[in-house]
Amino acid sequence: MGPKRILVKNQGNVAKKPKLSGHWSLGLLDAMKDPECVVKEDDTVVVIKDKYPKAEFHYLIAPKEDISSLKKVDKTHIDLLEHMQELAETIVNDNQHKDKSFRMGYHAEASMVRLHLHVISNDMNSNALKTKKHWNSFTTDFFLDSKEVCKQLKEEGTVTLPSAETCKKLLDTPLKCHKCEYIPKHMPDLKKHIMTHVQ
DNA sequence: GTTCTAGAAC
DNA sequence: GTTCTAGAAC
Ligand SMILES: Nc1ncnc2c1ncn2[C@@H]1O[C@H](COP(=O)(O)O)[C@@H](O)[C@H]1O
Ligand SMILES: [Zn+2]
């Protein structure tokens, strides 16, 4: 009789990367200081490449000012958010990106610390896009259009965010193609389907 | 946020 | 038996 195999939980890589900011939710703060991640910056904001891009092009624009999330945004930040929107437009109109369709917006409930604007190509074609939550975070009202956020901030002096319960529902919305009426059976089916829209 | 994997769904 | 997803991670 051979020895019994016992299942041992993967203890993770032995060689850990050098200690960064600590918790995973602070990762953007490190990325903003890492020249390998930074695409562009000016006095007030930094553009970084999303480390787990959910489309062929995916950038994050974050302020240097310590604003943890959209919840902390008020009318004093109008100029900043408009600047982020304008910079996003500059990026999507440059030679590298002008032939693709992009969306710019904020997740209603972000996981990562430091306010950040998603600038993402509309193909949604990426290996890092794996879950229903990923999909719905960019294709439902969980994704708050940047221009509309700016508009509301200007006109009403505040940004209305969906409740935690609403966010949960939005992220659990049944899968649907963002470009046609197709209802996929599951994520792998959806990922295969969206390839039919990629030129 | 991601990774990993147990157990559901097929 | 294989594919897929949901939830723990100290
Ligand atoms: N260390 C990191 N550097 C750059 N981007 C990251 C890092 N960790 C997570 N992300 C991305 O940051 C975004 C955070 O999503 P959210 O907080 O929901 O707006 C996601 O698109 C992640 O892929
Ligand atoms: Zn479609």
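Throughout this description, residue numbers start from 1 for each chain and increase along the sequence as written. Chains and ligands are labelled by the order in which they are written, letters from A for the one and numbers from 1 for the other. Two thresholds apply to this predicted model, a pLDDT of at least 70 for residue-level local features and 80 or more for giving and counting side-chain atom pairs, whereas whole-chain, interface and lining totals are computed over all residues. Values reported for side chains reflect all heavy atoms of the structure, with hydrogen atoms and water molecules removed beforehand.

Asks: Tell me what's going on with the packing of aromatic side chains, and back it up with residues and numbers.
Replies: Within 6.5 Å between ring centres, the rings of Phe, Tyr and Trp (the latter by its six-membered ring) count as paired, and their orientation is classed by plane angle as stacked under 30 degrees, edge-to-face over 60, tilted in between. Enumeration over the complete set of coordinates arrives at two aromatic pairs. With 6.1 Å between their ring centres and 40 degrees between their planes, F57 and F102 make a pair best called tilted. Of the two residues, F57 is situated in the loop between β2 (45–49) and β3 (58–63) and F102 in strand β4 (residues 102–107); the sequence distance between them amounts to 45 residues. One exposure class covers both F57 and F102, and it is buried. Here a strand is any run of E in DSSP of at least two residues, a helix any run of H or I of at least four, and the numbering for each starts at the N terminus. To sort residues, take the accessible area from a 1.4 Å probe on protein chains only and compare it with the maximum for the residue type: under 20% means buried, over 50% means exposed, and anything in between is partly exposed.

Asks: Tell me what's going on with the protein's contact with DNA strand C, and back it up with residues and numbers.
Replies: Surveying the vicinity of DNA strand C reveals the residues H186, M187 and P188. The cutoff for a nearby residue is simple: one of its non-hydrogen atoms must lie within 4 Å of the molecule or strand. Close to the protein, within 4 Å, the atoms of DNA strand C belong to sugar or phosphate groups at a rate of 100%. Whenever a nitrogen or oxygen atom comes within 3.5 Å of another N or O atom, the pair is scored as a polar contact, on the condition that within protein one atom can donate a hydrogen and the other can accept it, and that pairs from neighbouring residues in sequence are kept only if both atoms are in side chains. Between DNA strand C and M187, the relevant distance is 3.1 Å, taken from a phosphate oxygen to a main-chain nitrogen or oxygen of the residue.

Asks: Residue-level account of the nonpolar core, with values.
Replies: Take the buried residues of types Ala, Val, Leu, Ile, Met, Phe, Trp, Tyr and Cys, join any two whose side-chain atoms come within 4.5 Å, and each joined set is a nonpolar core. Membership of the largest hydrophobic core comes to 32 residues, with the highest contact counts inside it found for I61, L81, M84 and V119. When contributions to this core are tallied by element, the ones reaching two or more residues are β2, β3, α2 (78–92), β4, β5 (117–121), α4 (146–156) and α5 (164–171). No other element matches α2, which puts eight residues into this core. Residue contacts follow a heavy-atom distance rule, with two residues in contact if any of their heavy atoms lie within 4.5 Å. If sequence neighbours within four positions are ignored, V119 has contacts with F57, H58, Y59, I61, A88, V92, F102, R103 and M104.

Asks: For the sheet that holds β5, give the residues involved together with the corresponding values.
Replies: We call two strands paired when DSSP finds no fewer than two bridges between them. Taken together, six strands build an open sheet; the order of strands is β1-β2-β3-β5-β4-β6 and the sheet is antiparallel. In this open sheet, the two strands that pair with only one neighbour each are β1 (38–41) and β6 (143–145). This sheet shows a mean twist of 30 degrees between the axes of neighbouring strands, independent of strand direction. Strand direction decides the pairing type here: β2 and β3, joined by five bridges, are antiparallel. Bridge pairing links I48 to L60 in β3. Each axis is a line fitted through C-alpha atoms, taken for helices only over the stretch in contact, and angles between the N-to-C directions span 0 to 180 degrees. Lying over the sheet, α4 contacts β4, β5 and β6, oriented at roughly 65 degrees with respect to β6.

Asks: Quick one: what's the story with the coordination of the zinc ion (ligand 2), residue by residue and with numbers?
Replies: Note that water is not among the atoms used; donors are N, O and S atoms within 2.8 Å of the metal (3.2 Å for Na, K and Ca), so sites may look incomplete. Binding of the zinc ion (ligand 2) to the protein goes through C177 (SG), C180 (SG), H193 (NE2) and H197 (NE2), at separations of 2.0 to 2.3 Å. Angles of 101 to 121 degrees at the metal separate the four donor atoms of the zinc ion (ligand 2), which places the site in the tetrahedral class. Looking at C177, the relative accessible area reads 2%, which means it is buried. What makes C180 partly exposed here is its relative accessible area of 24%. Here the metal geometry follows the donor angles, with tetrahedral for four donors whose angles all fall between 85 and 135 degrees, square planar for four and octahedral for six when opposite donors are more than 155 degrees apart and every other angle is between 65 and 115, and irregular for all the rest.

Asks: Could you give an account of the protein's contact with DNA strand B, naming the residues involved and the relevant values?
Replies: In the vicinity of DNA strand B lie nine residues, with W24, Y52, K54, K133 and H134 positioned nearest. In the interface set of DNA strand B, defined as its atoms within 4 Å of the protein, sugar plus phosphate atoms amount to 54%. A distance of 2.8 Å is found between a phosphate oxygen of DNA strand B and a side-chain nitrogen or oxygen belonging to K54. Contact between DNA strand B and H134: a phosphate oxygen at 2.7 Å from a side-chain N or O atom of the residue.

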